Amino acid sequence: MNSILLEAGNVYEDFEVETNVLFFKVGNHDLVIFHGRNYNIKKRMSAEQLDRLLKSSSYFHVQGGVYVNLKKISSIEDDCIYFGEKGGYAKRVRIPKRKQESIRQLLGGMVS
């Protein structure tokens, strides 16, 4: 039980933006909400950190303040990007059709 709590604590303290995060949303006052497989983390970032994150080639802007991790996309269906398994509890983000085509081109047809 302690190892599970320690592991959960490490996720919040030591998460890697490029490897652990499925997508993130930029809010007001440089607050960024990172969405992982089974967690959400809110974090304030400096203007420099946020600028570096937004320019990262790992992330693609889909709408508003939402950016998806291209490396974590498992499929694109029904106007949604899915991360991992599909189903009732699947992590997904709705995206416009024109963005779907852009992502498919970037990924070279690796996702359906």
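Please read all numbers here as calculations on a predicted model, not as lab measurements. (Residues numbered from 1 in each chain as written. Predicted model: local features only at pLDDT ≥ 70, side-chain atom pairs only at ≥ 80, totals over all residues. Heavy atoms only, no water.)

**Section: the pattern of salt bridges**
Summed over the entire model, instances satisfying the criterion amount to 4 salt bridges. The residue aspartate 79 makes a salt bridge to lysine 97 at a minimum N-O spacing of 2.7 Å. With a gap of 18 residues between them, aspartate 79 in the loop between strand E6 (75-77) and strand E7 (80-83) and lysine 97 in helix H4 (residues 97-106) connect regions that are remote in the sequence. Aspartate 79 gets classed as partly exposed once you look at its relative accessible area, which sits at 24%. Its relative accessible area of 57% is what places lysine 97 among the exposed residues. Arginine 104 is the partner of glutamate 101 in a salt bridge, and the nearest nitrogen-oxygen pair spans 3.4 Å. Here arginine 104 and glutamate 101 lie together in helix H4, a separation of 3 residues that amounts to about one turn. (Salt bridge = Lys/Arg side-chain N within 4 Å of Asp/Glu carboxyl O. Helix = DSSP H or I, 4+ residues; strand = E, 2+ residues; numbered from the N terminus. Buried < 20%, exposed > 50% of the residue type's maximum accessible area, 1.4 Å probe, protein only.)

**What to know about the sheet that holds strand E5 (residues 66-69)**
The strand order E3-E2-E1-E5-E4 describes an open sheet built from 5 strands, whose pairing is antiparallel. Unpaired on one side and paired on the other, strand E3 (40-44) and strand E4 (59-63) mark the two borders of the sheet. Strand after strand, the sheet turns through a mean of 25 degrees between neighbouring axes, direction not considered. The pairing of strand E1 (residues 23-26) with strand E2 (residues 31-35) spans 4 bridges and is antiparallel. Paired with phenylalanine 23 across the bridge in E2 is histidine 35. In the packing of helix H3 (residues 47-54) onto the sheet, the strands contacted are E1, E2, E4 and E5, and the crossing angle to E1 comes to about 135 degrees. Packed on one face of the sheet, H4 meets E4 and E5 and runs near 165 degrees to E4. (Pairing = 2+ DSSP bridges. Axes fitted to C-alpha atoms, helices over the stretch in contact; angles between N-to-C directions. Contact = heavy atoms within 4.5 Å.)

**Quick look at the pairing of E1**
Two faces make up the sheet, and in a regular strand the side chains alternate between them. The antiparallel pairing of E1 with E2 creates a hairpin that spans 4 residues between the two strands, and histidine 29 there sits at a positive phi of about 60 degrees. Pairing of E1 with E5 involves 3 bridges; the strand directions are antiparallel. Its bridge partner being in E5, phenylalanine 23 is matched across the sheet by valine 68.

**Some thoughts on the pairing of E4**
In this structure, E4 lies alongside E5, joined through 4 bridges in antiparallel fashion. Across the sheet, the residue bridging to glutamine 63 is valine 66, located in E5. The antiparallel pairing of E4 with E5 creates a hairpin that spans 2 residues between the two strands, and glycine 64 there sits at a positive phi of about 50 degrees.

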